Every structure is written in C-alpha cells, then in structure tokens.
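Chain by chain, the residues:
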Amino acid sequence: MGRQRVCVIGAGPAGLSAAVEGARLGLEIDLFERSEIGRHIRCAEGFFDSMHLVDKPKVGMRYKVDEAVLKVKNEYRVDCRKINLWMIDRGEWQQDLAEQARAEGVRIFEKTRITSDQLADLESKYDWIIDASGVPSITSVRYGFRDYYKPNGAVTVQYVIKGDFSSQGKRLKFLAFPHYRGYFWVFPKSSTTANVGLGYFNPECKDRSLSGKQLWARLDQLMVQEKITGQIIKRTGGVVPIRLREQLQYGKILLVGDAAGCASPLHGGGIDTALITGREAVRWIAGNKEKESSFTDAVWRILSPKLNVEKQVCQIWKGLDLEALDMAAALIAQNYQNIGIMKLIRYSIRLLPKLSTALRFRRGLMTGRWTN
Ligand SMILES: Cc1cc2nc3c(=O)[nH]c(=O)nc-3n(C[C@H](O)[C@H](O)[C@H](O)COP(=O)(O)OP(=O)(O)OC[C@H]3O[C@@H](n4cnc5c(N)ncnc54)[C@H](O)[C@@H]3O)c2cc1C
C-alpha cells in the first residue's frame, strides 16, 4: 500500500502541527492556506502550554512570563515562574513551523482558499482531510453547523498598540470581570508594543450580544480606565470557540484546533490545544489499522480532564460578585495585603466548599496534570 495522502486546510498552529508531525510519521501531506503563512493572525500571542504537552517555541520567542498582574478591585501579582507561559511572535513562529514542514516534504500552497464546495472533490483525491481552518470551519459550512461557534465562543476585540509599556515590564495583565463575563488584557510584546483586548466569555452575559461598534467602545473605555495610551496599529478580534464539539469526524474529515472548538473556556487560550489536536489527528491516521477508538473519543480523552476543571472554575466564577472575585484573586496570588481579616474569614468560608476544585486547578496550572 502507498503512503496515505492527507490534505490539511489552514496553516495556523493546528494545521502546521498536523503537517510537521504527519510528514514525520510518513504521511504524504498537502497543506492549503488561504493567506500567507503567519499573516492575518488574530491572537494576543500569550502561549500557555497548559498540559505540558507541547514544545517550548524555538523561534519567535519574546520572553518567558514569570509574573502576571491580576486585577479585580485591587491588583495582585501572580507568580508564574513554574508555568510554561511565553510571549511569542506568532508570525515568526508559524513561518518556522512551515519551514520545518517543508523540510519534512510537506507541499504548502499559500494564497489558496478551499471552499466548502471543493471539499467533496478533495475527499475523492485524499485518504483524509484535516480541517484546521479555524472559525467558521469549512466543514461547518458544508455540514450546516457554522452557527455553532458564536454561541459557544468568546467574543473578542483587540488592538495592537505602539506605546510605552516599559513600566509593565514582562508581565501579562488581566482585568477580570465578575460573574465570568470575561476579561480585559494587556500583553506586552516588547517595551513599545502590546496586544490589548477584551473578551466576553459567559454565554449568558448580555455584553456578548453588543454590536461590534459597542465592543470597540467598551475596549476604548477600558483603555482610558487603565491608562493605556499609544498608537493603534492593528485592529483584530472575533470569536474564540470555547466548547469542544461532540462530533469531530465527518466521513474522511477530522476537525482540529478552533474548528473543533477546543480553546480554553476559562481564558480562551487555544494555541496549545490547536497544536495538540492537529498532532493527534495525524497520529490517529497513521495508527489507523485497527482503530480502537474514534478520533472524537481520542481527542476528548486527551482534553477533557483539563477542560472539565476549567469549566468547574468558570461555574465558580459565575457565582462571584466583584468583592468575592477580588478575594479569589488574592487567594490565587496568595497575597492578602489589601484584604481585611474579617473579609478574609467571611469569603474564605464562602469559598471553602470550592476548595477541591481550586486545588485541582492550581495543580493543573502549575504542573499540567489535570486528572484526579
Ligand atoms: C483576539 C484573540 C486573542 C487571542 N489570544 C490568544 C492568546 O493569547 N493565547 C492563545 O493561546 N490563544 C489565543 N487566542 C486563540 C487562538 O488564536 C486560537 O485558538 C488559535 O489560533 C487556533 O489555531 P487554529 O490553527 O485552530 O486556527 P487559526 O489560527 O485560526 O488558523 C486557521 C488558518 O486557516 C486558514 N484558513 C481559513 N479558512 C481557510 C480556507 N477556506 N482555505 C484555506 N485556509 C483557510 C486561515 O487563514 C488561518 O491561517 C486568541 C484569539 C483571538 C481572536
């Protein structure tokens, strides 16, 4: 039997990891990207290896994040030295992944958009198709679930700003909103550039239905409030799918990355899960002689321990008003300076029943281990 032929649609992290790993496993891979590799990226570029399953980026690294600022009412510094969290330049990083793929024999076709009508044709030409086209995925257009992503996703807007970020240093800043509405972020890439954005996460939150114009107005308000100034050099954003789909295989097509809906429900980070699911797709294909489990089951088995803990944390966050969330932030940062003793006792009692989830979350965050 000849080599299995695999078509990958989309050269984001999911498609590129499928291509590199697939070629190494002996698959014959063609990768189609509608744009140019590393262009038109929608991301704050904080790369969190949440499951300790991916490699530290070798190219495009800006810095290792050793501390984060978590603000609710007060600001707390969270020690991140033990967390695999890096700021990267995704353009450079993805171009390097594409070079690795080419070196392994992958044929890459840039500026080649695949339409949903072409899928049937591709299915007849290839043994497998990996849909890494992000949101809405090509498969969703063909199979009628393109409306899945928005109600199951975070709604985001983001600026890239040129300004003076030297006082923030190499720290990521998060301003968390109560009741799991979402958060505002400032992620410096250097002392003079930062990704500054806003995401609404909670599907029940009315802010999610704001028009695009209103979302940008909210972001502008938050920038004033947080005293962020500078020149806007890029506007981006969109939906980040934060609910893994129940079905990840449609005939010969396997969904990976955002197309599969696998970004974190807690913070929307999806780079690492895109890499993991892209890689898993080709491993599953390459080992498919007597498949013991479906591709869908294989992905769920890998991701669900982490996603379950994150969902439980979201549930807890939903019940927290501003005061309680501030207290939770102090607990996460293990910094109680701004908290009075009475408040500490009152909220600690309230948060105590959630302790086992909090401990599992903390362990997962620090070690990448999310199972019991
Ligand atoms: C504002 C914002 C900030 C974010 N910040 C972070 C962050 O800091 N950290 C983090 O981990 N995650 C972040 N995310 C999420 C992260 O960007 C995604 O989860 C991740 O990019 C998913 O990778 P992917 O490969 O599945 O999809 P994508 O990165 O979306 O890649 C899909 C690729 O497919 C191509 N494509 C689409 N349609 C076609 C077609 N028809 N034919 C050919 N090619 C096609 C696209 O051009 C693109 O290159 C953020 C998302 C947003 C919107």
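Bear in mind the structure is a predicted one, so any value in this text is a computation, not a measurement.

Peer 1: Which parts of the structure should I look at to understand the sheet that holds strand 3 (residues 46–48)?
Peer 2: The strands that make up a sheet are held in pairs by hydrogen bonds between backbone atoms, and each pair lies either parallel or antiparallel. Read across the open sheet, the 3 strands follow the order 3-7-4; overall the sheet is antiparallel. The two strands at the open ends of the sheet, each matched to only one other strand, are strand 3 and strand 4 (61–64). Along the sheet, successive strands turn relative to each other by an average axial angle of 30°, direction set aside. When strand 4 meets strand 7 (residues 85–88), the two strands line up antiparallel, connected through 3 bridges.

Peer 1: What is the right way to read the sheet that holds strand 14 (residues 231–241) from this model?
Peer 2: Taken together, 7 strands build an open sheet; the order of strands is 6-5-11-12-13-10-14 and the sheet is mixed. Bordering the open sheet on either side are strand 6 (75–79) and strand 14, each of which pairs with just one other strand. On average, each strand axis in the sheet is tilted by 20° relative to the strand beside it, whichever way the strands run. Relative to strand 6, strand 5 (residues 67–71) runs antiparallel, the two being bridged by 5 bridges. For Lys 71, the partnering residue across the bridge sits in strand 6 and is Glu 75. Packing against the sheet, helix 5 (residues 212–225) makes contact with strand 10 (153–162), strand 12 (182–188) and strand 13 (193–200), and its axis sits at approximately 125° to strand 13. The strands that helix 8 (residues 322–333) touches are strand 5, strand 6 and strand 11 (171–176); relative to strand 6, the one it contacts most, it runs at about 30°.

Peer 1: Would you mind showing me how to read the environment of Thr 296 here?
Peer 2: Looking at where Thr 296 falls in the secondary structure, it is placed in helix 7 (residues 295–318). Judged by C-beta crowding, with 17 C-beta atoms within 10 Å, Thr 296 ranks as partly exposed. Linking Thr 296 and Asp 66, residues 230 residues apart in sequence, is a C-alpha distance of 35 Å. If sequence neighbours within four positions are ignored, Thr 296 has contacts with Gln 247, Leu 248 and Gln 249.

Cut-offs and rules
- Residues numbered from 1 in each chain as written.
- Predicted model: local features only at pLDDT ≥ 70, side-chain atom pairs only at ≥ 80, totals over all residues.
- Pairing = 2+ DSSP bridges.
- Helix = DSSP H or I, 4+ residues; strand = E, 2+ residues; numbered from the N terminus.
- Axes fitted to C-alpha atoms, helices over the stretch in contact; angles between N-to-C directions.
- Contact = placed C-beta atoms within 7 Å.
- Buried ≥ 20, exposed ≤ 12 C-beta atoms within 10 Å, placed from the backbone.

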